[in-house]
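# Secondary and tertiary structure notes
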Amino acid sequence: MGPDVPLLNDYKQEFFLKRFPQTVLGGPRFKLGYCAPPYVYVNQIILFLIPWVLGGVGTLLYQLGIMKDYYTAALSGGLMFVTALVLQMTNLYAKQKTVTVERMQIQNTLTDEDEFEFSSCIGSETVKFIIPGKKYIINTIFHSLLAGVLCGLGTWYLLPNRITLLYSNIGGTVVIFVFGWLTICIGEYSLIINTATETATFQALDTYEITALMRPFYIFVFIAVDLAHREIQRVYLFGVFRNPCYPKDVRTVTVFMEKQRRLMKVGVVRRILLTLVSPFAMIAFLALDRSLQNLHSVSVCIGFTRIFRMVWQNTENALMDIVVVSVAQMLVFNPDLWWNRSLDTGIRLLLVGILRDRLLQFVSKLQFAIAILLTSWTEKKQRRKSTATLITLNVVFFPILLTFIAISALLSSPLLPLFTLPVFLIGFPRPVRSWPGPVGTTACVCSDTVYYQQMVPSLAVALQSALAAGSLGLSLPGSHYLCRFQDRLMWILVLEKGFTYCGVNIKGLELQETSCHAAEAHRVDEIFEMAFEHQEHTKILSPNHHFGHILTPCTVLPVRLYSDARNVLSGIIDSHENLKHLKDDFIKVLVWMLVQYCYKKSKTWESPGSANKSNKGSFSENQRKAAVERSRPLREEDSFSVDTIEDWTDDSDIFDLEPSGRMKDRKEPGPLGDIPKVHVSIPGSVETQGQGIPQEMSPEDKLYRAVVLGLPAVDKGKQQEALPRVEFSCSYSELLSIPEEWRTAPVPPSKVNEMRQRFPEEWYHFILSQLDFFHLKEKPYNLPEALMKDKALKDLYIHGVLSCCFGLFGLDNTVPAPSHVFRAYTGGIPWSVGLDWLTGKPELFQLALKAFRYTFKLMVDKASLGPIENFKELVNYLEEYENDWYIGLVSDLEWQQAVLQEKPYLFSLGHDPNMGIYTGRVLTLQELLVQVGKLNDEAVRGQWANLSWELLYATNDDEERYSIQAHPVLLRNLTVQAADPPLGYPVYSSELLHLPLF
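The rules we used
Residues numbered from 1 in each chain as written. Predicted model: local features only at pLDDT ≥ 70, side-chain atom pairs only at ≥ 80, totals over all residues. Heavy atoms only, no water. Salt bridge = Lys/Arg side-chain N within 4 Å of Asp/Glu carboxyl O. Helix = DSSP H or I, 4+ residues; strand = E, 2+ residues; numbered from the N terminus. Buried < 20%, exposed > 50% of the residue type's maximum accessible area, 1.4 Å probe, protein only. Core = buried A, V, L, I, M, F, W, Y, C linked by side-chain atoms within 4.5 Å. Contact = heavy atoms within 4.5 Å. Axes fitted to C-alpha atoms, helices over the stretch in contact; angles between N-to-C directions. Parallel < 35°, antiparallel > 145°, perpendicular 65-115°, else oblique. Left-handed = near helix turned anticlockwise from the far one by under 90°. Nonpolar A, V, L, I, M, F, W, Y, C, P; charged D, E, K, R; others polar. pLDDT = per-residue confidence, 0-100.

Attention shifts here to the pattern of salt bridges. Within the structure shown, the criterion is met by 22 salt bridges. Across the salt bridge formed by Asp 564 and Arg 921, the nearest N and O atoms sit 2.7 Å from each other. Here Asp 564, found in strand β8 (residues 551-568), pairs with Arg 921, found in strand β11 (residues 917-935); they are 357 residues apart in sequence, far enough to count as distant. Arg 921 gets classed as buried once you look at its relative accessible area, which sits at 13%. A salt bridge links Asp 892 to Arg 853; the nearest nitrogen and oxygen atoms lie 3.5 Å apart. In this pair, Asp 892 is assigned in the loop between β9 (885-888) and α32 (893-900) and Arg 853 in helix α30 (residues 842-865), connecting sequence segments 39 residues apart. Several salt bridges converge on common partners, so that one network encompasses Lys 365, Glu 938 and Arg 941.

Okay, here's the thing in structure tokens:
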């Protein structure tokens, strides 16, 4: 036969040209060997596009915001299921109508189609030609159900909004949407209309109608593989190229969560595959192995026991090992090779697992060694006189270096760089944590610890989702991660991991940055910014510009924590206009606070007559002690008493902003009256002693009673006059009466009259009108009006407000200076008679201090947001301060308690004496994005091994040693900080946190 013999004869060419388009399109027969009416082709086109139409209904409802994506998928799938059943029922009806007894036809893939005679558009012959139908009822139901699932999944998978958010390209969205739905239509047509003959034909007869399932199966596999491949939800693929599916320009939680919604759903699919599908599939694969059918040997028991346990404890690696062994078994055809002859499957898996683990360790150690070698020269601050020599020796003896690395990987011991120089030794094998002792029991606790304590629970929840979704890559025991947010650095160590759980330890590093800490933290910020914030104009698969660094960005996590904002208050605290209104605002705030205090106290009384039984107030014992402790240093440091005469010098200045060191170091005096002392009277003063007054008094009290800033002295023997009883015009005024001891301030009558003129009466009436007195069972309907008309009650508040102003500002009416405002805010006002009286009433002092801090915050808000329009707005400000803010000092114990209680906002006033500026610090609790990166495990282990050798063996504890200096690539300073004390110094270390991953 010559070379011109046709590949296909003429008849088969025509047959092939008819069959091939049918195979490509999934079943529609648009080319027949005879003439057919047009409606035959139109009907096939309509049936071919039905899934797209039904999916389009759900897509339209989702795009219009009427239904969510899951509901649209369920709707489209349900419509497809019903449509498929209707079509199959139509075929059954057509068969019963035309044929009574019919021989069961079995499709033969090698025969040509029979010729049909068509009578009408929906005639029986037309229906049977287009929809051949199923041979078994079970297939009718099963295929229809599968068609609904496929349509629903396709609708969800091809939603345009989600594709646009993922790829940020309209053209790409259109292409994926169109060709995606064409693929779905092909699979659906083959499943429920007419099954196309596949090119991969193994037998002529399809008895059980398996061929119809192949194309839907391929679509399901494609979607599953597509989702599984996107399980690598890290920002960089293999640490080299940026993941094109990862959201670009991540700055806010809302935008990030919207862009990552698809990836998170992918994570759900990954979680199901890893926890439910893969383990059972691997168990089934292993259970059918021939090695288990024979008499078990020790090697079989060891190998299979290990792999069966690994399937559940380390599913990802077990799956990889089984795939490698299966591929190797298919490629090795020689049955006499030792791999096939001498090793059973369990031992093969054991060898592959060991090889995989040691190979990964070798690569990580090699990357670590190369990073030290290169940076010892490229980083100028790392160059030493011996650097060139060490690099030359490493290059010359590079095979020996590789041998050291290989032995270190084989022994699973750290590669120890001596003093973090390119001098490598094989370290001793160490546990994963590298340190003995319980987890989280050691940390250098300080005032910054509280910020980590607050955020760790929320961070643990975010880590749980990220680990389960695969956003952090393959995490194993010994994996290290670094998290960054503003000035906070969190170090995460994976301690153990098993089936659907993970145990981690979270450490917090210091916030007060040293120069070394700041240099490395700045490099960390650069790496994260390049990965997450500067990607709006980069190309697809853009390279990682910091490849080779021990930190590789992974993802960002939404965490509920405090953002820290610091502002310079220049132009606010030193504004004469603002300071001029400060006292008036303080009076208003103090009136509101006193009324609220008395009103809350009245809720504990049963009747108005019992009001005088509770004049002592209701502060807790701890608050009372804190107030007393706060008041003591003021009197000891700034007061004038004969006890402090010996501490005075000619250069002393009682108006210093800060007390002298000698005064600070003085010990607290014991309780009054414990040790009688002889005191010297002040020349020119008059000693006073009334009846009923104790003989042993503190020198301050004696001096206070002797010299009252010009007030007339009281003669000896004259009894102290009791306060006159207050006669209220309203019997319910007793509920709001301030305690009697708060009205005893030594102020002259002229100042009382002056305060009466300045007292904000309208504001006072407005506050009273806001009180509801719901706790009173019987009350007059006009109770607020009666309280407003009670002049005696108003005079009590005038005296109370004047007493506080006297204590904080004195008796003059000058505008306070910024330094005085700062002192009043911090509670460090120099001693005066008024302050001495006020600090003797701890509850009132705390209320006055709190009112002043609220007033200062109000001044800042008015300067920033604009003036207050009415009383209602002012009340809203004060209620917000009371409920949502803590306004105080960072050094206060209450500040730390407010952080742990998650107060929405915190405010503090600070002063920088070097620059001479006042600053405001605001903490805001909100959900923000924390950047997470994976560290080179072997780099951390190597540096920790050197740290242990250097401090415990070489005893090199110099705080300025070379191995603790900043290294922007190795993050040497941060790595040392993260070690457990006493070698490291993290300010926070959590206990073992168990995170469920399903």
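After presenting the structure, the write-up continues.
Before going further, it helps to examine the nonpolar core. Counting 80 residues, the largest nonpolar core has Leu 736, Tyr 797 and Phe 856 as its most contacted members. If you tally residues by element for this core, the top one is helix α20 (residues 582-602), at 13 residues. The residues touching Leu 736, leaving out its near neighbours within four places in the chain, are Val 595, Cys 598, Tyr 599, Leu 768, Leu 771, Phe 773, Leu 787, Leu 793 and Tyr 797.

Further remarks concern the packing of α20 against helix α27 (residues 791-809). Between two packed helices, what matters for the description is the angle formed by their axes and the separation of those axes. α27 packs onto α20 with a crossing angle of 125° between their chain directions and a minimal axis gap of 10 Å. When the interaxial angle is binned, α20 and α27 end up oblique. You can see that α20 and α27 cross each other, and the crossing is right-handed. Side by side, α20 and α27 meet where Lys 583, Phe 586, Ile 587, Leu 590, Val 591, Leu 594, Val 595 and Cys 598 of the first sit next to Tyr 797, Gly 800, Val 801, Cys 804, Cys 805, Leu 808 and Phe 809 of the second. Class assignment of the residues belonging to the contact of α20 with α27 gives a composition of 13 nonpolar, 1 polar and 1 charged.

This part takes up the confidence of the model for the protein. In this model, the protein carries a mean pLDDT of 79, and residues with pLDDT of at least 70 account for 78%. When pLDDT is averaged over each helix and strand of the protein, the minimum, 36, is found for helix α22 (residues 661-664) and the maximum, 95, for β9. Segment residues 100-112: pLDDT under 50, and 20 contacts once partners within four positions in sequence are set aside and those in other chains are kept. Note on residues 606-720: pLDDT under 50 across the span, and 133 contacts to partners over four residues away in sequence or across chains.

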